[in-house]
Amino acid sequence: MSTENQTTNYGVDQIQVLEGLEPVRKRPGMYIGTTGPRGLHHLVYEVVDNSIDEALAGYCSHIEIEINADGSVSVTDDGRGIPTDIHPTTKKSALETVMTVLHAGGKFGGGGYKVSGGLHGVGISVVNALSEWVQVTVKRQNQVFTQRYEKGVPVTELIAKPDTGDFTGTSITFLPDEEIFTETTEFDYNTLSGRLRELAYLNAGVKITFSDRRVTPEHIETYCYEGGIREYVTYMTREKEVLHQDIIYVEGEKNGVQVEVAFQWCIDSYSDTILGFANNIRTVDGGTHLDGLKAVLTRTLNNIARKRNKIKENEPNLGGENVREGLTAVISVKVPDPEFEGQTKTKLGNSEVRGIVDSLVGEVLNDYLQCNPNVADSVIDKAIQAFKAADAARRARELVRRKSVLESSPLPGKLADCSSRDSSESEIFLVEGDSAGGSAKQGRDRRFQAILPLRGKILNIEKTDDAKIYKNNEIQSLITALGLGIRGDEFDPTQLRYHHIVIMTDADVDGAHIRTLLLTFFYRYQRALVEEGYIYIACPPLYKLERGKNHFYLYSERELQQKIAEFPANANYNIQRFKGLGEMMPQQLWDTTMNPETRMMKRVEIEDAAQADHIFTVLMGDRVAPRREFIETHGPGLNLTQLDV
Ligand code: 0RA
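Residues numbered from 1 in each chain as written. Predicted model: local features only at pLDDT ≥ 70, side-chain atom pairs only at ≥ 80, totals over all residues. Heavy atoms only, no water.

Looking at the overall build of the protein
- Looking only at helices and strands, the protein has 20 helices and 24 strands in total.
- For the protein, the proportion of its 645 residues judged to be buried stands at 52%.
- Pairs at least 24 apart in sequence give 69% of the contacts found in the protein among residues at least 6 apart. (Helix = DSSP H or I, 4+ residues; strand = E, 2+ residues; numbered from the N terminus. Buried < 20%, exposed > 50% of the residue type's maximum accessible area, 1.4 Å probe, protein only. Contact = heavy atoms within 4.5 Å.)

Set out below in structure tokens:
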């Protein structure tokens with residue numbers, strides 16, 4: 001009887017917990033966006049965000065993130081420790097409540113607002129629900145507390161043992177559940193290190209240590225930036241030639257909204273890089289903080305340009321994009337009740353932020369430029385040059401348009417177009433040279449696949465300016481084939497003729513170079529295509545392995561070795577290495593690289609615009625030394641994995 005009672009009680013308890021977190025396991029996408037790699041990494045960010053909050057509250061200075069040998073992740077901080085006292089009505093510890101009740105975290109916030117986690121802001125309980133197991137250790141009040149959970153359910157009591165009391169803090173270790181993350185449960189070092197470094201920049205002075213214990217020797221990195229986002233800008237402009245030495249920095253607060261902006265203009269750059277953050281979340285789609293910043297930059301510089309007689313009375317104002325040419329900026333705002341808009345919730349919607357950023361930045365920027373007239377002059381001169389170049393580009397563009405209107409076929413002659421006129425099913429393969437172009441034309445499904453062969457090293461984009469780029473034949477073919485307008489014009493996806501733009505180059509150094517050139521072009525001049533996920537990279541196999549009647553296509557040296565290892569030791573086999581796409585039979589190219597049913601293709605993402613911009617600058621820029629150093633470190637076969645393709 002008593003046994004039965006106990007079982008029943010335990011059951012009820014368990015059911016309550018399950019009911020609480022069951023929706024999370026049933027519809028994980030609702031809580032973490034996806035169960036793909038992005039959602040998997042989000043688990044780490046969710047746990048780290050709690051430690052960041054503890055740091056922002058002033059109680060924690062060091063956060064350690066470890067990928068353990070078994071693939072689990074530990075996040076350890078030296079904060080006050082999650083409270084462990086028992087709640088009188090629930091009879092559960094605060095710790096267990098935070099771990100098992102959705103959105104319980106906020107209740108223990110203790111004054112002030114939670115800054116991080118605004119994007120999903122789901123709390124540790126979601127991580128708990130989606131983990132095979134979680135092990136929590138809390139040190140506080142001269143005790144060390146531990147508790148273990150499996151799939152969201154506590155499997156031990158909260159165990160307390162005496163402790164020296166020399167340290168306080170929280171350590172959470174979790175192993176993502178393979179039943180949930182069916183695609184992969186493997187954490188990517190670069191993805192995590194990128195975000196952790198970013199968090200260190202955004203939260204000045206917080207020390208973040210990141211180690212990977214899956215490899216020998218272990219990787220360990222520490223990020224700590226006393227200068228915060230100022231150092232972030234320094235990092236992003238480190239390979240560029242700056243127009244002025246100081247980084248202009250604004251910090252202020254108004255109506256509970258904290259604003260921090262750092263920026264600097266560079267000489268040898270024709271585009272801008274502005275990173276926006278709200279509550280530590282990268283606002284890829286912009287929002288009111290960026291609107292405010294752009295507005296105040298344009299207005300202030302035009303005012304000063306007129307005061308200094310750089311723009312005459314009868315002349316028009318400089319445009320915002322002229323003023324921003326060469327600008328690198330980071331803006332980070334902290335908003336008590338953030339509204340995130342858009343499909344991916346990465347656009348800040350709070351309208352009050354626009355004016356707050358505008359007025360805080362306006363005051364500082366005005367003073368700074370008044371006190372530093374040389375800086376004011378060089379920024380204005382550069383903007384005026386940009387204005388004139390844009391004018392020239394406009395004329396070049398009209399030339400392109402007129403030409404295409406006059407010529408009977410507006411599409412480039414080299415384009416082997418597809419027959420479909422439905423962009424959403426159409427694909428264009430950008431291939432290197434005529435021989436690969438030939439194989440691709442024969443191998444394709446002409447119903448929905450178009451081929452555009454591009455010759456040679458298209459253009460060195462970093463070194464040239466708009467007007468020249470648009471006079472280049474290869475670029476003109478590309479733009480007309482895609483059906484696109486030109487930078488400055490609004491990107492209009494209804495004009496895009498293909499929703500899959502696939503870069504298909506050889507797996508050698510030249511192929512990598514052409515791919516980088518094309519990505520540079522898209523990144524700088526058609527960035528919306530990258531941001532909206534239209535750009536892909538084809539992955540042709542490197543090897544064909546034949547054994548008896550069977551054959552296998554393999555995409556890396558590692559895959560090849562793995563496959564060979566599966567053969568009996570005395571097996572006879574033959575390896576063919578493809579040096580270029582031209583060496584493949586059209587049918588092989590179709591089977592391995594072009595057939596949507598069987599191919600492998602990577603979508604190009606810009607998770608980290610700063611990193612991408614850096615790679616492009618180093619590889620394409622005028623300065624040779626950093627480029628050589630980069631290639632020496634990363635090898636000539638650089639495959640842009642840094643771009644997260
Ligand atoms: C609320 C109150 C207190 C600590 C925390 C939250 C806390 C939560 C997390 C999550 C990860 N690391 C954390 N560190 C601290 C402490 C209240 C007190 O001690 O008076």
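Points about the pattern of salt bridges
- As enumerated under the stated definition, the model contains 22 salt bridges in all.
- Among the ionic pairs, K563 bridges to E566, the shortest N-O distance being 3.1 Å. Taken together, the residues K563 and E566, both in helix α17 (residues 557-566) and three residues apart, mark about one turn of the helix.
- One salt-bridge network, held together by shared partners, links R25, K151, D177 and E179. (Salt bridge = Lys/Arg side-chain N within 4 Å of Asp/Glu carboxyl O.)

Quick notes on the packing of aromatic side chains
- The full count for this structure, using the stated rule, is ten aromatic pairs.
- Seen from their ring centres, Y201 and Y235 are 5.8 Å apart, and the 35° between their planes marks the pair as tilted. Of the two residues, Y201 is situated in helix α6 (residues 189-202) and Y235 in helix α7 (residues 229-236); the sequence distance between them amounts to 34 residues. Residues Y201 and Y235 agree in their burial class; the two are buried.
- Counting every residue linked through ring pairs, the aromatic cluster contains Y201, Y225, Y232 and Y235.
- One residue, R230, lies across the ring of Y249, its end atom 3.7 Å from the ring centre.
- Directly above the aromatic system of F567 lies the positively charged group of R547, at a separation of 5.0 Å from the ring centroid. (Phe/Tyr/Trp six-rings, centres within 6.5 Å; stacked < 30°, edge-to-face > 60°. Lys NZ or Arg CZ within 6 Å of the ring centre and 35° of its normal.)

Some remarks on the nonpolar core
- In terms of nonpolar packing, the biggest core is built from 59 residues, with V44, I65, F174 and I208 touching the most fellow members.
- Here this core gets eight residues from one element, more than from any other, and that element is helix α3 (residues 37-56).
- In terms of nonpolar packing, the next biggest core, distinct from the first, is built from 41 residues, I281, L297, L301 and F340 among them. (Core = buried A, V, L, I, M, F, W, Y, C linked by side-chain atoms within 4.5 Å.)

Observations regarding the environment of T164
- Structurally, the position occupied by T164 is in the loop between β6 (159-162) and β7 (169-176).
- A sequence separation of 23 residues divides T164 from Q141, and the C-alpha atoms of the two residues are 9.4 Å apart.
- Within polar-contact distance, the side chain of T164 engages the backbone nitrogen of D166 at 3.3 Å. (Polar contact = N/O pair within 3.5 Å; in protein donor to acceptor, adjacent residues only side chain to side chain.)

Things to note about the sheet that holds strand β11 (residues 257-265)
- Taking strand neighbours across the sheet as the criterion, the five strands line up as β10-β11-β14-β12-β13 in an open arrangement whose pairing is mixed. At either end of the open sheet lies a strand with only one pairing partner, and these are β10 (248-254) and β13 (281-282).
- Inspection of the sheet shows strand β12 (residues 273-278) paired to strand β14 (residues 327-334) by six bridges, in the parallel sense. Pairing of I274 across the sheet is with A329, part of β14. (Pairing = 2+ DSSP bridges.)

Regarding the sheet that holds strand β23 (residues 574-577)
- Spatially, three strands are ordered β22-β21-β23 in an open sheet, and the strand pairing comes out antiparallel. The open sheet has two edge strands, β22 (550-554) and β23, and neither has a second partner. Neighbouring strand axes in the sheet, compared pairwise and without regard to direction, differ in orientation by 20° on average.
- Both strand β21 (residues 543-547) and β22 contribute to a ladder of five bridges, which runs antiparallel. Note that in β22 the partner of E546 across the bridge is H551. (Axes fitted to C-alpha atoms, helices over the stretch in contact; angles between N-to-C directions.)

Section: a negative patch on the surface
- A cluster of like negative charges, contributed by D337, E339, E341 and E352, occupies part of the molecular surface.
- Locating E352 in the fold gives a position in helix α10 (residues 352-371).
- A relative accessible area of 40% means that E352 is categorised as partly exposed. (Patch = residues over 30% accessible without salt bridge, like charges linked within 9 Å, V, L, I, M, F, W, Y side chains within 5 Å. Areas by Shrake-Rupley, 256 points an atom, 1.4 Å probe, with all protein chains shown as cover. Lys, Arg positive; Asp, Glu negative; His and termini not counted. Charge placed at Lys NZ, Arg CZ, Asp CG, Glu CD.)

Topic: the packing of helix α12 (residues 433-443) against helix α18 (residues 586-594)
- At a minimum axis distance of 8 Å, the contact between α12 and α18 shows a crossing angle of 80°. Judged by the inter-axis angle, α12 sits roughly perpendicular to α18. Residues S439, A440, Q442 and G443 of α12 pack against P586, L589, W590 and M594 of α18. (Parallel < 35°, antiparallel > 145°, perpendicular 65-115°, else oblique.)

Some points on unusual backbone geometry
- Each neighbour pair has its own omega, and for T216 with P217 the value is -10°, a cis peptide bond.
- Phi is positive for N255, close to 50°, though the residue is something other than glycine.
- Topologically, N255 is positioned in the loop between β10 and β11.
- Given a relative accessible area of 70%, N255 falls into the exposed group.
- Positive phi values are uncommon outside glycine, yet N280 reaches one of about 70°.
- In this fold, N280 is placed in the loop between β12 and β13.
- Judged by relative accessible area, N280 falls into the buried class, the value being 1%.

Notes on the pairing of β12
- Counting buried positions over the six residues of β12 gives six, a clear majority of the element.
- Neither face of β12 is exposed, since T273, L275 and F277 on one face and I274, G276 and A278 on the opposite face are all buried.
- The hairpin turn running from β12 into β13, its antiparallel successor, is two residues long, and N279 in that turn takes a positive phi close to 50°.

Quick look at the confidence of the model for the protein
- Considering every residue of the protein, the mean pLDDT works out to 85; 82% of them sit at 70 or more.
- Every residue in residues 405-409 is under pLDDT 50, and counting partners more than four places away or in other chains gives zero contacts.
- Low confidence marks residues 633-645, where pLDDT is under 50. Its contacts with residues over four positions away, or in another chain, come to 29 contacts. (pLDDT = per-residue confidence, 0-100.)

Focus on the pairing of strand β18 (residues 449-454)
- Of all six residues making up β18, six are buried, and the element is well covered by its neighbours.
- In β18, alternate side chains face the same way, and those of Q449, I451 and P453 on one face and A450, L452 and L454 on the other are all buried.
- Once the chain exits strand β17 (residues 427-432) it traverses α12 before rejoining the sheet at β18, and the crossover so formed is right-handed. (Right-handed = clockwise from strand over helix to strand, strands pointing away.)

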